[in-house]
Amino acid sequence: MSEIALENLGKTFGDFTALAEMNLTIANGEFMALLGPSGCGKSTTMNMIAGMLRPSSGAIRFNGRDVVDVPMAKRGVGFVFQNYAIFTHMSVRENLAYGLRAQGTPAAEINKRVQAFAELLQLDTMLDRRAAGLSVNILQRLAIGRSAILEPSIFLLDEPLSNVDAAFRAVMRSELKSLQGEFDQTMVYVTHDQLEAMTMADRIAVMDHGKLLQVGTPLDIYNAPADTFVAKFIGAPGMNILNGRFVENAGVVAVEVPGLGTLDVPPTLQAAAKDKKAPNIQIGFRPEQVNASQSGLTMHVGFVERIGARTIVHLEHSGSTAKAVLPSDATPPLAGSDWTFSASDEAIRLFDPTSGQALKGRAH
Amino acid sequence: MTNVSAMAPAVEKIDAPATQSARLGLWLTLPAQLLVLFIALFPILMQVYISLTDWSPLDGIPWWKAHELWIGLLNYADLMADNRFWGALWRTMFVMAICVPVQFLLGLGLAVLFVDDFRGKRVLYSTLLVPMMVVPAVAGYMFFMLFQSGGPVNDLLSFFTSDPVRIAWLSDPDLALIAVMIADIWQWTPLMFLILLAGMISVPQDQQMAAILLGASWWRRFFTIVLPRMKSIIIIALAIRVIEIFKIFDTLFIMTGGGPGVATETISVYIYKVTQQELIWSYVAAIALAILIVLSVVSVFAIKRMQRGQKP
């Protein structure tokens, strides 16, 4: 069991800053997903935790102890590589036993533990097969088992599901989650797939361009994105963000989106909206929270995508685009028509157009 | 030959023209194939033919009439009893048994040093490869000079002794072979190094990282990941050097001419002497075939091992 603390962690490659001032504490036994697009610094962070990269600045602490100078072989970190890095010239058994052998564990003990792990991971029928011919699904379990057999207190997984097919990915998501319950380690999981992060992680750290943007539970991040990047990145499709400006009518602030119409600012955000001096604002709402309405915003319906369980309506007007996700039993607007819709008070989010930061609401 | 519309029921119909065009292709390439076969096989068949006769260019009859001098397997019988041949073969094997392992270990050691980056790696790398580029005849001359009794090797050794060293390297029957082997090691370790380095670089980085993260020491990683993954390329490197040492000639011939006496006479030097000095061509053909058979067996063995290594 280990707590991982990243303090002002930074990494530069020449002039390029891969990671800047990362502060993140991952609790004992927590499943933390590092989520972000390619090049956001998530793998760099992971490699520094593992010891493959040396940080340019900052500290990495396991249970309070700075491990920057601890070589990677001594960190006691389990690591599952994106392509699994299975020793294909060895048998499944030799792969599983590799770490124990390296530690000089007695042969009888190795046999016992390999057998136990093979059963747990359903690899016991193929222990003496060569790893080279095995399917991706089995390689994946073998990769996890090979690290897990050493019972590391920290387990790092680098996009382990990116090579497997969609059906198996769904199976593995639940399997990984239950494996963590089994081994009870602190897990750090790097992924660019928000679905993996949302379904498995206790908390998600969203990153972009070497910066940590937001840390929170999956629902926190979905409901209260810290900025427009997180708002658009999380959710499929992401949050609609439209440029507008504040208008005040009888002491009540609303947002007017030029050419489209006006949406009321919910009561929880009124105070924040009034505090803001500049009139320009970005208004956001999730496509799932859009309803047909008498008043609100009016946009052209571009095309209507029916994908079974739901229908995605693509909307466009004078350079702005938005999406609406409707349940499949709702009657979608016709393509080519104009459609008026609004979003409920709970759905509305406001963002500063220059910094992209969300305006904090307050309950009243 | 693939047909996009080849759905299951139509397979037979589509296969017929495919076979036809394959047959046409065979006919079209037949002349070229025969030519290649002829070029490859003709010298060997000619050797077999001549080795069964007592023909020599001095006999005044053209080679295709050599059957007039038919002696059957007599040349091969002579070969079995030819002490000079067996001596040369044994010497060649001895050089191989010393040089190939030394070159392999040196090459492997250098590859280990060069697989990681360090300052001045490129310059040092190019320098190390220079011996390989030197024309073997020139290398022969270099070592001929180096090993003279008043030469630099003795001068160097003199630093460590009170009296000036005056070893007659190339005229001492035991030392001459050592000098020849040193020259071969100098010239051909770089090739071994080059091949092994290429093999070592191609060992996947993430596998090595995985091994480190599993707590494996450098030695454990080297013996359980790096070397096993280099198996095919090691066999290729060793096979190349084994075959090349069978053919060792130019450097050696310039350094010692096979002497003193027959002290450094290897198979190639022996064949050369029998051909050029004694002109017993039919006998040479028998020797050449015997060597070819030995080398073929070695190569087949190496290739078999290689293919087994590549299989999953």
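Throughout this document, residue positions are counted from 1 along each chain, in the order its sequence is written. As a convention, the first chain written is A and the first ligand written is 1, with the rest following in written order. At least 70 in pLDDT is required for a residue's local features to be given in this predicted model, at least 80 for side-chain atom pairs to be given and counted, and no such filter applies to totals for whole chains, interfaces and linings, which use all residues. Each side-chain value is derived from all of the structure's non-hydrogen atoms; neither hydrogens nor water enter the calculation.

Below, the discussion takes up the pattern of salt bridges. Here, a salt bridge means any Lys or Arg side-chain nitrogen found within 4 Å of an Asp or Glu carboxyl oxygen. Enumeration over the complete set of coordinates arrives at 15 salt bridges over all chains. Close ionic contact of Glu30(A) with Arg203(A) constitutes a salt bridge, the shortest N to O distance being 2.5 Å. With Glu30(A) in the loop between β2 (16–26) and β3 (31–35) and Arg203(A) in strand β9 (residues 203–208), this pair connects stretches of sequence that are 173 residues apart. With a relative accessible area of 9%, Glu30(A) lands in the buried category. Note on classification: 1.4 Å probe, protein chains only; a residue is buried when its accessible area is under 20% of the maximum for its type, exposed when over 50%, partly exposed between these limits. Exposure remark for Arg203(A): the relative accessible area of 24% places this residue in the partly exposed category. Across the pair Asp184(B) and Arg241(B) runs a salt bridge, and its minimum N-O distance is 3.1 Å. What counts as a helix is a DSSP run of H or I of at least four residues, what counts as a strand is a run of E of at least two, and both are numbered from the N terminus.

All right, on to the sheet that holds strand β10 (residues 211–216) of chain A then. Residues and elements named next belong to chain A. Strand pairing is assigned whenever DSSP identifies at least 2 bridges connecting the two strands. In spatial order, the strands read β6-β7-β8-β3-β9-β10; together these 6 strands make up an open sheet with mixed pairing. For this open sheet the edge positions go to β6 (77–80) and β10, each flanked by a neighbour on one side alone. The average angle at which neighbouring strand axes cross in this sheet is 15 degrees, direction not considered. Judged from the 4 bridges that link them, β6 and strand β7 (residues 154–158) form a sheet pairing that is parallel. What sits directly across from Gly-78, in β7, is Phe-155. The contact criterion used throughout is that any non-hydrogen atoms of two residues lie within 4.5 Å. All axes here are fitted lines through C-alpha atoms, helices being fitted over the stretch that makes contact, and every angle between N-to-C directions spans 0 to 180 degrees. Against the sheet, helix α4 (residues 136–148) contacts β6 and β7, and its axis sits at roughly 170 degrees relative to β6.

Okay, the interface of chain B and chain A next. When the parts of a complex come together, some accessible area is lost, and that lost area is often used as the size of the interface. Counting residues at the interface gives 18 residues for chain B, matched by 23 residues for chain A. Buried area is calculated as the accessible area (1.4 Å probe) missing from two parts once they are joined, with the contributions of both summed. The contact between chain B and chain A buries some 1,800 Å² in all, and 66% of this surface belongs to carbon and sulfur atoms. Contact with chain A buries surface across chain B, with Asp206(B), Leu213(B) and Leu214(B) losing the most and accounting together for 38% of the total. On inspection of chain B and its partner chain A, the count reaches 0 salt bridges. Side-chain atoms alone can form a polar contact between residues adjacent in sequence; in general such a contact is a pair of N or O atoms within 3.5 Å, and within protein one must be able to donate a hydrogen while the other accepts it. Across the contact surface, chain B and chain A share 7 residue pairs in polar contact (both at pLDDT 80 or more). Mapped by element, the contributors of at least two residues to the side of chain B that touches chain A are α8 (205–213) and α9 (218–229) of chain B. With 7 residues, α8(B) is the single largest residue contributor to the side of chain B that touches chain A.

Only rings of Phe, Tyr and Trp enter the pairing, Trp through its six-membered ring, and a pair is recorded when the two centres are within 6.5 Å. The plane angle decides the type: under 30 degrees is stacked, over 60 is edge-to-face, the rest tilted. Taken as a whole, this structure holds 28 aromatic pairs over all chains when the rule is applied. Here the aromatic rings of Phe42(B) and Trp63(B) are separated by 5.9 Å at their centres, their planes lie at 70 degrees, and the arrangement is edge-to-face. Taken together, the positions of Phe42(B) in helix α1 (residues 11–51) and Trp63(B) in the loop between α1 and α2 (74–81) put the pair 21 residues apart, joining distant regions of the chain. On the basis of relative accessible area, Phe42(B) is assigned to the partly exposed category, the value being 33%. Here Phe143(B) and Phe147(B) contribute two aromatic rings whose centre-to-centre distance is 6.1 Å and whose plane-to-plane angle is 25 degrees, an arrangement assigned as stacked. Residues Phe143(B) and Phe147(B) agree in their burial class; the two are buried. Taken together, the aromatic side chains of Phe38(B), Phe42(B), Tyr49(B), Trp63(B) and Trp64(B) make up a single cluster linked through ring pairs. Geometrically, a lysine NZ or arginine CZ counts as sitting over a ring once it is within 6 Å of the ring centre and also within 35 degrees of the ring normal. Positioned over the ring face of Phe87(A) is Arg146(A), at 4.4 Å from the centre of the ring.

To continue, consider unusual backbone geometry. Residue and element names in this part refer to chain A. The omega torsion across Ala-236 and Pro-237 is -5 degrees, close enough to zero to call that bond cis. Within the secondary structure, Pro-237 is located in the loop between α8 (228–233) and β11 (240–249). The backbone phi angle of Asn-63 is positive, close to 50 degrees, even though this residue is not glycine. Structurally, the position occupied by Asn-63 is in the loop between β4 (57–62) and β5 (65–66). With relative accessibility at 47%, the residue Asn-63 sits in the partly exposed group.

Glancing now at a nonpolar patch on the surface. The grouping of Trp27(B), Leu30(B), Leu34(B), Leu37(B), Leu41(B), Ile44(B), Leu45(B), Val48(B) and Leu292(B) at the surface amounts to a nonpolar patch, some 820 Å² of accessible area in total. With respect to the helices and strands, Leu41(B) occurs in helix α1. Here a patch means residues that are over 30% exposed by relative accessible area and free of salt bridges, tied together within 9 Å if like-charged and within 5 Å if nonpolar (Val, Leu, Ile, Met, Phe, Trp, Tyr). Calculation of accessible area relied on Shrake-Rupley with a 1.4 Å probe; when residues are assessed, cover is drawn exclusively from the protein chains displayed.

What follows concerns helix α9 (residues 267–275) of chain A. For α9(A), every residue scored as buried is listed here: Leu269(A), Gln270(A), Ala272(A) and Ala273(A). Looking at the packing, one finds that the buried side of α9(A) touches β11, β12 (252–257) and β19 (349–351) of chain A.

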